[in-house]
Amino acid sequence: MTLLLKSDGDRRDQWFRELASRMPDLEVRSWPDLGDPAEIEFALVWEIPHGVLRRLPNLRAIFSIGAGVDHLFADPELPRQIPICRVVDRNLTVRMTEYVVLNTLRLHRRDPEYLDAQREGRWRELYAPTAAERGVGVMGLGALGGDAARALAALGFRVMGWSRRARDLQGVECFHGGDGLAPFLARADILVCLLPLTPETEGILGANLFARLPRAAGLINAARGGHLIEADLLAALESGQIRHAVLDVFRAEPLPAEHPFWRHRRITITPHTASVTDPSSVAELVAENIRRARSGEPLLHRVDPTTGY
Ligand code: NDP
Ligand code: OXD
């Protein structure tokens, strides 16, 4: 039984250890040392070069190292008939919720403006309403967005959520589909994006959407850089339609040194670390799915190749 691993250098050794302790009979080969491609039954990958998976004739399942699978669907040669599973993991969810809560509170209490005032040595008092008077809109009510929305509601924010299909979450006013978007945005003083990147959501954070938000809204994008039209964000910051943006993800990663976002005073940048997959908890899911694949049971957290998430 052989698995192909394509992980970044820092975590590769950890994956080897975590998988070996759970499945001593699993041979793990690290990309690009494939050996005989016909021996590989499983692939556990993040951003593997396009075309590689198609050349594994006996592949039985593909496991994304992250919650997102856009890195797989971007491959025009992806063998879509093979089951694709993604990460749904409590630790990943908790970390993302921490990130969203931290940055929602920062925007709510106008922390970036106080940092600016401090840099300038200015004693400047800013008005902040209570959480109950602040609308927070969460785009995407899945494993991550659903948990973040519940945590924000527990802090007393007026929380709205938006999804593709109708959802019902306690304490969250739910909207869905194209018709639900405008009323959802209208009261979102702070907008959080936790959508998957699909052909339907690519470029959704653009001028049309920003124009529907209340003036001086805050934006938190912890989903994918492909959701954001970068020039539209710069224009919305310039006009004051967006007051501050917190960005964890970018069209080009690492964000190039000369990119204007780096030096923009009303953009906060984190390097795609809102929630990082931890092999010590996710290896259990991989092991369980391999066990299921071998015994013919349904795999956990399969994605739908027709919707792309
Ligand atoms: P899920 O698949 O659990 O949830 C996706 C949500 O988005 C669902 O509520 C879904 O609606 C909604 N959605 C999908 N398409 C549309 C659409 N066209 N219109 C409206 N709503 C839509 O994903 P997760 O919550 O697990 O993860 C979300 C994303 O977060 C990942 O795809 C990844 O890109 C990103 N991520 C970023 C990380 C980081 O460190 N920055 C870490 C982990 C993930 P419905 O409920 O109707 O299906
Ligand atoms: C993920 C990510 O999709 O880390 O899990 O971006």
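Scroll up to find the structure this text is about.
Quick summary incoming for the structure in this document. (Residues numbered from 1 in each chain as written. Chains lettered and ligands numbered in written order. Predicted model: local features only at pLDDT ≥ 70, side-chain atom pairs only at ≥ 80, totals over all residues. Heavy atoms only, no water.)

**So, the environment of I269**
Mapped onto the fold, I269 is located in strand β12 (residues 267-269). Separated by 23 residues in sequence, I269 and V246 have C-alpha atoms that sit 6.1 Å apart. (Helix = DSSP H or I, 4+ residues; strand = E, 2+ residues; numbered from the N terminus.)

**Quick word on the sheet that holds strand β4 (residues 61-64)**
Pairing is parallel in the open sheet, where five strands are placed in the order β2-β1-β3-β4-β5. The open sheet has two edge strands with one neighbour each: β2 (27-30) and β5 (84-85). (Pairing = 2+ DSSP bridges.)

**Focus: unusual backbone geometry**
Cis geometry marks the peptide bond from W31 to P32, where omega comes out at 10°. For P32, the position within the fold is in the loop between β2 and β3 (40-45). With phi around 50°, E47 is a residue other than glycine that occupies positive phi space. With respect to the helices and strands, the residue E47 is situated in the loop between β3 and β4.

**As for the side chain of E41**
As for its position among the elements, E41 is in strand β3. Dropping the residues within four chain positions of it, E41 is found in contact with M1, T2, N58, L59, R60 and A61. (Contact = heavy atoms within 4.5 Å.)

**Focus on empty space enclosed by the protein**
Here the structure, examined in full by the defined rule, presents one cavity of 30 Å³ or more. Each pocket or cavity is described by its volume, and for the largest cavity that value is around 60 Å³. For the largest cavity, the full set of lining residues is L44, F63, S64, C85, R86, V87, V282, L285, V286 and N289. Going through the elements one at a time, β4 and α9 (279-295) are the ones with two or more residues in the lining of the largest cavity. Here the lining of the largest cavity is built from residues that sort into seven nonpolar, two polar and one charged. (1 Å grid on protein atoms, 1.4 Å probe; cavity = no way out; pocket = protein on both sides within 12 Å on 5 of 7 lines; lining within 4 Å. Points joined across faces, edges and corners; volume = space filled by probe spheres on them. Nonpolar A, V, L, I, M, F, W, Y, C, P; charged D, E, K, R; others polar.)

**What to know about the site of ligand 1**
Near ligand 1 there are 29 residues, and of these R86, L141, R165, R167 and Y309 occur at the shortest range. Separating an oxygen atom of ligand 1 from a backbone N or O atom of L141 is a distance of 2.8 Å. When ligand 1 sits alone it has 950 Å² of accessible area, and the protein chains cover 94% of it. Only α5 (143-154) and β7 (158-163) provide two or more residues apiece to the shell around ligand 1. Ranked by residues supplied to the shell around ligand 1, first place goes to α5 with three residues. The residue makeup of the shell around ligand 1, split by class, is 14 nonpolar, eight polar and seven charged. Two domains each donate at least three residues to the shell around ligand 1, and these are domain 1 (2-89 + 277-295) and domain 2 (90-269). (Near = heavy atom within 4 Å. Polar contact = N/O pair within 3.5 Å; in protein donor to acceptor, adjacent residues only side chain to side chain. Areas by Shrake-Rupley, 256 points an atom, 1.4 Å probe, with all protein chains shown as cover. Domains from an automatic or database assignment.)

**A short note on the sheet that holds strand β6 (residues 135-139)**
Pairing is parallel in the open sheet, where seven strands are placed in the order β8-β7-β6-β9-β10-β11-β12. One side of each edge strand has no neighbouring strand; the edge strands of this open sheet are β8 (172-176) and β12. Here the average twist between neighbouring strands, direction ignored, is 15°. With five bridges joining them, strand β10 (residues 217-221) and strand β11 (residues 242-247) adopt parallel strand pairing. When the sheet's bridge partners are listed, N221 is paired in β11 with L247. Those strands touched by helix α3 (residues 90-108) are β6, β9 (190-193), β10, β11 and β12, and its axis lies near 160° from that of β10. Against the sheet, α5 engages β6, β7 and β8, with an angle of about 170° to β6. (Axes fitted to C-alpha atoms, helices over the stretch in contact; angles between N-to-C directions.)

In short, the description is geometric, and any link to function would need to be established separately.
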